[in-house]
Structure formats: C-alpha cells, structure tokens
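# Examining the three-dimensional arrangement
Take a look at the letters that make up each chain.
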Amino acid sequence: MKQFEKIKGGLVFVVLFFSLFSYSQDNANSDQDDVLPKRKSKFQTGFYVGSYFANKYSASTYNGYGFDLDGTRNSFLNSLMYQKIVNEYGYGRGQYDYIADELGVDQGQWDFTESDMPVNMSYVPAIMVGFNIKVPVDKTSAFIFNLNGSKLNIDGNFTITTRRPPTANPAVNNNIQTFAIRGVEQRLLFQMGFQKQFGDDEKLNFFGEVGLVGTLTKFDRNMIYINKLQIDLMYYLNQTAFAAPGPPRIQVGFGVGAFAGLGANVNINPKFTLQLLYSPSYEKVNIGTGPKLKLQNGIGLRVYYNFLSKKPKASNPG
C-alpha cells in the first residue's frame, strides 16, 4: 500500500508541475511565437514512471531450491535452504545448533523436511521507471523505443516443526512455526513498436501502441528469516571437512515477447506531452526452469519533451 501511495503522489505532482510550467511558458512566449512560429521536430524524448505487476509464474525461482552449475534445479537435500538451515546453521553436521536457539527449543529438537519448503512465492507490485524515445511518422503515428527497468521483491513463507512435548493446554501445542523467505529480481525491458493516435483534438486524444519487447532478467538476492536470524541463501561457505554442493548459480536470462498499450495523450504545451498509459505485455522471463510467455501488467505516466525548431523569419522585400 505504501508503494501505491508513493506512485499516486508522484503522478499527481508531475501532472501539477507540468500544468503550471505550461501555463507560465505559454504566457512568457506568446509574443515570441507570433514573431517566430515553431514547428515540431522529428524527435521526442522523455521518461516513464509507473507500477509494474509481475506474473507469479517465475516467482518459484526463489523458492529456496536453487540451481546447479548446469542450470538444473537442486534436489531437496542439495537445496540452498536445506544446506543453510540444517547443515550450516543447524545440527546436521554435529555443530552448535543456532536454529534451535531461534526456535526456543533444545539442541536438535526440530525438523525441516521437503514439505516445509515454500510453495506460495509471489511478486510484490513494483515501481518501474524508464527512458523513452518517440519518432513521429506523421501527425497521428510514430515509432517508439523504450528502455524501462524495475527491481522486484518476491515474498513467500516456509515452516519448521519443533519437537516440543505436548502440554495440557491445546492452544500451545502447535509445533509448526512459519517464517519468511524473500527474493529480489532485476528486470530491464527493451521495447520497440508503433504508436497510433485516435482523434485530432489539439489537447486530448486517445492512443494505442503495439510492438516487441525483450526482457533481461537477473536473479539478484534470496534471503530467509528465522526470527532474528537472517540467512543469505546465495552466500557460499566452503567447508572442506564436509562434502557439500558448490556455489549457487546466479541466473541471468533474456527473452523476447510482445507488448501493447492504451491510454490518453495530453498536449500540455508545444514542448511537453503527457501520456497516461495501461500497458500489458507477454514477456518471457528467462530464468528458472521451463520459462514461458506470461502476461505482465503496467500502468503509469509518460512525459515527452518535444524538440522544436524555429521557422526562419520571412525576408522583407526591398
């Protein structure tokens, strides 16, 4: 909810800023425009800010299993979570059991099995920002080139079962404790397409767009939290005394898909144009196992700066 409030406040600020700016610019330049009329250039540039709603399909990449150096998902016993919880911080190799301390039980009095692994990983709505270019073909159509990026958070939970002896009070006999697992992912979207404006009003028109999108994705971080204990699943501790899986593979991938868009085009003044945009896209997030084209959604605001060139003065005869 806090992210939505920040985005909403930011959009309102941008709209008000450019509205006031356009008013002052129109008054300041009205006399000059009469003397030196301007025409639009064949080039516009601007920025985008909005919300990005990622499909949860690829969120399972952050479920704590991890991948070997060949890109195959680990088995449970070789998983990042098992190695960290049982073998590194727990009782698995006869060392001091830090997990028991966090659970409030005696050493070794808990279990972590495959049924405790996360199954509900999902993305949190994120902020997306970008740099956009527009090359007009005529008054109502243009080619567009967008570079948008976002850092996404992934949330889920897992369980650990303690071996507390039963008590007379059934309310305290629940030995299953739930903890958080989180991931961080970076995405960079390369969009190339065509935009068409519907209508010829000087101020407000609707528009649509369509094109190709390339999605560059990087697996950035994976953490688990057991009360006050924070464990980085991607940190590899080389314990030569024990046989253990090698360092986890950092996943990076690129996939090609398609995008579309629909919104309102607002010409604030000759220099600035606002676009309120809803943009669905079929993206292939090429990390994890079995990547597929899945629907993602975005909503936001574009601001274009229109490069203008002045027409030469008409020469006075004689």
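Residues numbered from 1 in each chain as written. Predicted model: local features only at pLDDT ≥ 70, side-chain atom pairs only at ≥ 80, totals over all residues. Heavy atoms only, no water.

Generally speaking, soluble globular proteins have nonpolar side chains that are buried together. Counting 45 residues, the largest nonpolar core has I85, W110, F112, F158, I160 and I226 as its most contacted members. The set of elements that each furnish at least two residues to this core consists of strand 1 (38-53), helix 2 (80-88), helix 3 (98-103), strand 4 (126-136), strand 5 (141-162), strand 6 (176-198), strand 7 (204-226) and strand 8 (229-232). Excluding its chain neighbours within four sequence positions, the residues that come into contact with I226 are I85, I99, E102, L103, F158, I160, F179 and I231. Counting residues in hydrophobic clusters, the runner-up holds five residues, among them I268, L274, L301 and V303. (Core = buried A, V, L, I, M, F, W, Y, C linked by side-chain atoms within 4.5 Å. Buried < 20%, exposed > 50% of the residue type's maximum accessible area, 1.4 Å probe, protein only. Helix = DSSP H or I, 4+ residues; strand = E, 2+ residues; numbered from the N terminus. Contact = heavy atoms within 4.5 Å.)

As a general rule, the predicted coordinates of low-pLDDT regions are not to be interpreted in detail. A residue-level look at the protein finds 76% of positions with pLDDT of 70 or above and a mean pLDDT of 84. Taken element by element, the protein is modelled with least confidence in helix 1 (residues 2-35), mean pLDDT 44, and with most confidence in strand 3 (residues 122-123), mean pLDDT 98. (pLDDT = per-residue confidence, 0-100.)

Evaluated as defined, the whole model comprises five salt bridges. The shortest N-O distance in the salt bridge between E209 and R302 comes to 2.8 Å. Here the residue E209 occupies a position in strand 7, and R302 occupies one in strand 11 (residues 293-310), the gap between them amounting to 93 residues. Residue E209 shares its accessibility class with R302, and that shared class is buried. (Salt bridge = Lys/Arg side-chain N within 4 Å of Asp/Glu carboxyl O.)

All right, on to unusual backbone geometry then. Backbone geometry follows two general trends: most residues other than glycine have a negative phi, and most peptide bonds adopt the trans configuration. Even without glycine at this site, N227 takes up a positive phi of about 55°. Given a relative accessible area of 45%, N227 falls into the partly exposed group.

Quick look at the pairing of strand 7 now. Direction of pairing for strand 6 relative to strand 7: antiparallel, over a ladder of 19 bridges. Counterpart to I181 in the pairing with strand 7 is I224. Here strand 6 folds back onto strand 7 in antiparallel fashion, the turn holding five residues, of which G199 has a positive phi close to 110°. Bridge analysis of strand 7 against strand 9 (residues 252-267) gives 15 bridges, and the strand direction is antiparallel. (Pairing = 2+ DSSP bridges.)

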